[in-house]
Amino acid sequence: MDFTDLQIERYSRHIILQDVGVEGQQKILEGKVLVVGAGGLGSPVALYLAAAGVGTIGLIDGDVVDLTNLQRQIIHFTDDVRKAKVLSAKEKIEQLNPDVKVITYQELLTTDNVFEIISQYDFIIDGTDNFATKFLVNDACVLAKKPFSHGGILRFEGQTFTYVPGHACYRCVFHAPPPANAVPTCSQAGVLGSIAGMLGTIQATEALKFFIGKGKLLTDRLLVFNALDMEFRNVNFKHNSSCPICGDNPSITSLQTYDLPTCELKQK
Amino acid sequence: MSVKVNGKAQEIEGSTISLLELIKKNDVKQPDMVSVQLNGAFVVRDEYENTDIKNGDEVDFLYFMGGGSF
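Residues numbered from 1 in each chain as written. Chains lettered and ligands numbered in written order. Predicted model: local features only at pLDDT ≥ 70, side-chain atom pairs only at ≥ 80, totals over all residues.

### Some remarks on the overall build of chain A
Then, number 1: A tally of helices and strands in chain A yields ten helices and eight strands.
Then, number 2: Relative to the 2.2 N^0.38 estimate, which gives 18 Å for 268 residues, the radius of gyration of chain A is 18 Å and therefore close to what a compact globule would have.
Then, number 3: Judged by the C-alpha coordinates and their principal axes, chain A covers about 55 × 45 × 40 Å.
Then, number 4: Taken across its 268 residues, chain A has 45% of its residues classed as buried.
Then, number 5: Pairs at least 24 apart in sequence give 68% of the contacts found in chain A among residues at least 6 apart. (Helix = DSSP H or I, 4+ residues; strand = E, 2+ residues; numbered from the N terminus. Rg over C-alpha atoms; globule rule 2.2 N^0.38 Å. Buried ≥ 20, exposed ≤ 12 C-beta atoms within 10 Å, placed from the backbone. Contact = placed C-beta atoms within 7 Å.)

Given below as structure tokens:
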């Protein structure tokens, strides 16, 4: 693949980086990442992947931009309120980097569409806001053997790990979704806006490392941080042999649908 | 005895304590929802009461974190 002069200039800071170089940048330009959720985590992920020149970025989100999003979902601006999130995000990505092809799915990820969608991508980013979809992403990626980055934030904390086939998955740590309303959400407990940036950027970095094939991915460990004391911790966990989906005797061999609690305040 | 909880040293009276007691002592939010690692291995929830923590053990409490709205 030949770089244009503009691309050499645009990506010069990658190209001169020893562990990236021309080969690494080429892999990034050929890469395809699906970002599930164009919200708190999806925003910085999409922006940094676009800046890096990831060739194809898929964005799936059924929501429209809400005023309460703007405190942390930095890909959306004030004028975007009530616009579909994937369209708002696509506009900014295209302005940031015309090398990037953006594919939008203005819908929810479900058991019906997940396999078809993820099959077209190399790496998936979980930027979702509910556990049913987090488990769906995990299960689909495990069954389809696709690597993905899991992420979650709340208050001043964040946690993330990277799944690569053969290594620990989300169910190795958390067997099944919590009951509805058992765990507080951002809209209940709050979240410091920049926490989304802290975690999302780590997820974007993992995707880029995956493409360039350098360094150590966050496999078999959960990176947990608390921004109040700025402490970061790696909690190592082995692939769980009794994991219901990736263990020795999996009890889950097909996708599960979990009931999402509905909120009467939300209008779609 | 001295144990590590979430990476930080903790002094506990006595020579042993059940994992369930340790969870209570640490004021773990939502004890039904926490995932526990003891010395790098997961402990099944039903075993919390019967699992003994001793000097030098390392315990990590992992919580669901989902972000978002619901």
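Alright, that's what it looks like, and here's the rest.
### Focus: the confidence of the model for chain B
All names here are of chain B.
Then, number 1: Averaged over every residue, the pLDDT of chain B is 86; residues scoring 70 or more account for 93%.
Then, number 2: Per-element confidence in chain B is highest for strand β1 (residues 2-5), whose mean pLDDT is 94, and lowest for strand β5 (residues 41-42), whose mean pLDDT is 83.
Then, number 3: Across the interface, the model reports ipTM at 0.80; the global pTM reads 0.92. (pLDDT = per-residue confidence, 0-100.)

### Quick look at the sheet that holds strand β8 (residues 231-236) of chain A
Residue and element names in this part refer to chain A.
Then, number 1: Spatial ordering of the open sheet is given by β3-β2-β1-β4-β5-β6-β7-β8, a layout of eight strands whose pairing is mixed. The open sheet has two edge strands with one neighbour each: β3 (101-105) and β8. Direction aside, the axes of adjacent strands within the sheet are offset by 15° on average.
Then, number 2: Across five bridges, strand β1 (residues 32-36) lies against strand β2 (residues 56-60) in parallel orientation. The partner of Val35 across the bridge, within β2, is Leu59.
Then, number 3: Set on the sheet, helix α10 (residues 193-212) makes contact with β1, β4 (123-126), β5 (148-154), β6 (157-163) and β7 (221-226); between it and β5 the angle comes to about 170°. (Pairing = 2+ DSSP bridges. Axes fitted to C-alpha atoms, helices over the stretch in contact; angles between N-to-C directions.)

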